[in-house]
Amino acid sequence: MPAGFKAAQLGADVNTAPDYELVVSSEWPVLKILTIVPIAIPVVGASDMLVYEHNLGYYPAFLAYADGGGQNTPGQVAITNLINQNFYVTQSGLFYSSFSSPMPKGFVIIFEYDVVNTVFNAPTQLSFGTPSSATQNTNGLEISKSNFDIGSTNPDNIAFTTANRPLQVQSSGQINQTGTTAIPVPHNLGYPPVHFLYQLLNGNQLSLAEYKATADNETIYFSGVQSILGVCYYIILKDAFASQALS
Amino acid sequence: MNGIKAVLPGKNIDSTDPRDFAFSSLDEPLAVPIQAASLSGTGGYTFTTNPPEPGSGSTLIPLLTVPHDFGYVPASLVYVFMDFQGSNPTGTVPTGSYLIAPMPLVAAFAYQWIGYSVDDQQLIIYYQIDSGGASFLTDVTNMQLSFKYYLFSTKLE
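What you see is a predicted model, and the numbers here were worked out from it, not measured in a lab.

Draft legend 1. Representation of the overall build of chain B within the structure. A tally of regular secondary structure across chain B gives zero helices and twelve strands. If you list the helices and strands of chain B from N to C, you get β-β-β-β-β-β-β-β-β-β-β-β. Sequence-distant contacts, at least 24 apart, represent 69% of the contacts inside chain B between residues at least 6 apart.

Set out below in structure tokens:
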């Protein structure tokens, strides 16, 4: 057995718990945040705008949020398909498309996850089941952010806790949809999982894809919404869509 | 600096490549879901007949409000499952298949959307109908929507 650690849900034996009863395992990568980039684009230029230089040398996963975008009023933040498709990453930076509308205020979370080059399948033997509540462990591990008190009640000051299940990766890899047939990706989790799909455009621009997915207990099927996807990269997470409340 | 980190199987704990680590407390904070739930059935929202057709003007129909007490605007994700029967230009969607509205959150069938917003007090999921254009999905019946939302510890503002 490789070295590492794992934490089980309350009431589960960590030595025998199947995956769905674990809160965390060091065999499953989490989506670590590299940085949160504040966005302020009151006017869109004639060419794509470099918003942030990450210089990672790979295409990182990201999520974009707009404040007051779409039908939201200022002070309300949301992700939308369109907002995410306004942004793309290269191996060196985050860009805002010149064809997009201005975004006076927003945020982009960049993760330390190499979307294009990471072909990963969780090594753990799976047992079918549906994750249930992961919370309210009285024992466990909690780590505060640097320079913050571990006793802080502000959740933003906590870097890690076994009290809740973080987003952990089940598998990631590439698909290529060349026709209208949906592309199957086995996950074998025993439940429909949550996921992301990124699309590589123009050879070096990675953005969140406009896609739809159907899923059963073993497979996700990806396809385009209004166009064929082409080369895309999926990240399938451990979380089930239908899990019980965490809190 | 103190903290803990765990490498992925087959990687070296002394690696300097962040990609080799399952997690590290020395990184920027993880997106820990403080509040998350799946809502369906009585907790979800069900269209028992055809959803509204695109009309004139834009209409927002609040479906679900989730209060929180973080005291700031947290990072978030919402997924929607749609179970319905209907047709679109690329084929028929059979009853019982789940369309996972991908992208954090927007299930779009032209001019009709599922959207959401978050502020420092609540998350609101809504159904948005925009004016104009032909509906991407047609003949939709018995649409049932259920959601999974995450409110993360990560502070946006």
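Draft legend 2. Representation of the overall build of chain A within the structure. Within chain A, the secondary structure is distributed over one helix and 19 strands. Burial statistics for chain A: of 247 residues in total, 57% are counted as buried. Restricting to contacts in chain A with at least 6 residues of sequence separation, those with at least 24 account for 72%. Put simply, chain A shows about 10000 Å² of open surface, and 51% of that area lies on carbon and sulfur atoms.

Draft legend 3. Quick peek at the pairing of strand E13 (residues 169-177) of chain A. Residues and elements named next belong to chain A. Most of E13 sits out of view: seven of its nine residues are buried. Looking at chain direction, strand E10 (residues 120-121) and E13 are connected through two bridges and run antiparallel. Note that in E13 the partner of Phe120 across the bridge is Ser172. Note: E13 against strand E19 (residues 230-240), eight bridges, orientation antiparallel.

Draft legend 4. Structural detail: the nonpolar core. Of all hydrophobic cores here, the largest spans 64 residues; its most connected members are Phe87(A), Val108(A), Phe196(A), Tyr198(A), Ile235(A) and Leu123(B). Element by element, the count of residues in this core is highest for strand E9 (residues 103-114) of chain A, at seven residues. Core analysis: the second largest hydrophobic core is formed by 18 residues, Leu189(A), Ala209(A), Ile220(A) and Phe222(A) among them.

Draft legend 5. View of the environment of Lys105(A). Here Lys105(A) shows up in strand E9. Judged by relative accessible area, Lys105(A) falls into the partly exposed class, the value being 37%. For Lys105(A) and Ile236(A), which are 131 residues apart along the polypeptide, the C-alpha to C-alpha distance reads 30 Å. Among all residues touching Lys105(A), those that are not within four sequence positions of it are Ile39(A), Ala66(A), Asp67(A) and Glu157(B).

Draft legend 6. Expanded view of the pattern of salt bridges. Here the structure, examined in full by the defined rule, presents two salt bridges over all chains. Here Lys105(A) ties to Glu157(B) by a salt bridge, and the two come within 2.6 Å at their closest N and O atoms. Residue Lys105(A) is located in strand E9, and its partner Glu157(B) is located in the segment after strand E12 (138-155); the two belong to separate chains. A salt bridge links Asp20(B) to Lys11(B), with the nearest nitrogen and oxygen atoms 3.9 Å apart.

Draft legend 7. View of the pairing of E19(A). Residue and element names in this part refer to chain A. Along E19, ten of the eleven residues are buried, which leaves the element largely enclosed by surrounding structure. Pairing of strand E15 (residues 193-201) with E19 involves six bridges; the strand directions are antiparallel. The residue bridging Phe196 from the neighbouring strand is Ile235, located in E19.

Draft legend 8. Layout of the confidence of the model for chain A. All names here are of chain A. On average, chain A scores 80 in pLDDT, and the residues at 70 or more come to 81%. Taken as a whole, residues 133-137 scores under 50 in pLDDT and shows 25 contacts with residues more than four places along the chain or in a different chain. With pLDDT under 50 throughout, residues 243-247 is counted as low confidence; its partners more than four residues away or in other chains account for 23 contacts.

Draft legend 9. Broad picture of unusual backbone geometry. All names here are of chain A. Unusually for a residue other than glycine, Asn55 sits at a positive phi of about 55°. Relative to the assigned elements, Asn55 resides in the loop between strand E4 (49-53) and strand E5 (60-67). Phi is positive for Asn202, which is not a glycine, with a value near 55°. Its place among the elements puts Asn202 in the loop between E15 and strand E16 (205-208).

Basis of the calculations
Residues numbered from 1 in each chain as written. Chains lettered and ligands numbered in written order. Predicted model: local features only at pLDDT ≥ 70, side-chain atom pairs only at ≥ 80, totals over all residues. Heavy atoms only, no water. Helix = DSSP H or I, 4+ residues; strand = E, 2+ residues; numbered from the N terminus. Contact = heavy atoms within 4.5 Å. Buried < 20%, exposed > 50% of the residue type's maximum accessible area, 1.4 Å probe, protein only. Areas by Shrake-Rupley, 256 points an atom, 1.4 Å probe, with all protein chains shown as cover. Pairing = 2+ DSSP bridges. Core = buried A, V, L, I, M, F, W, Y, C linked by side-chain atoms within 4.5 Å. Salt bridge = Lys/Arg side-chain N within 4 Å of Asp/Glu carboxyl O. pLDDT = per-residue confidence, 0-100.

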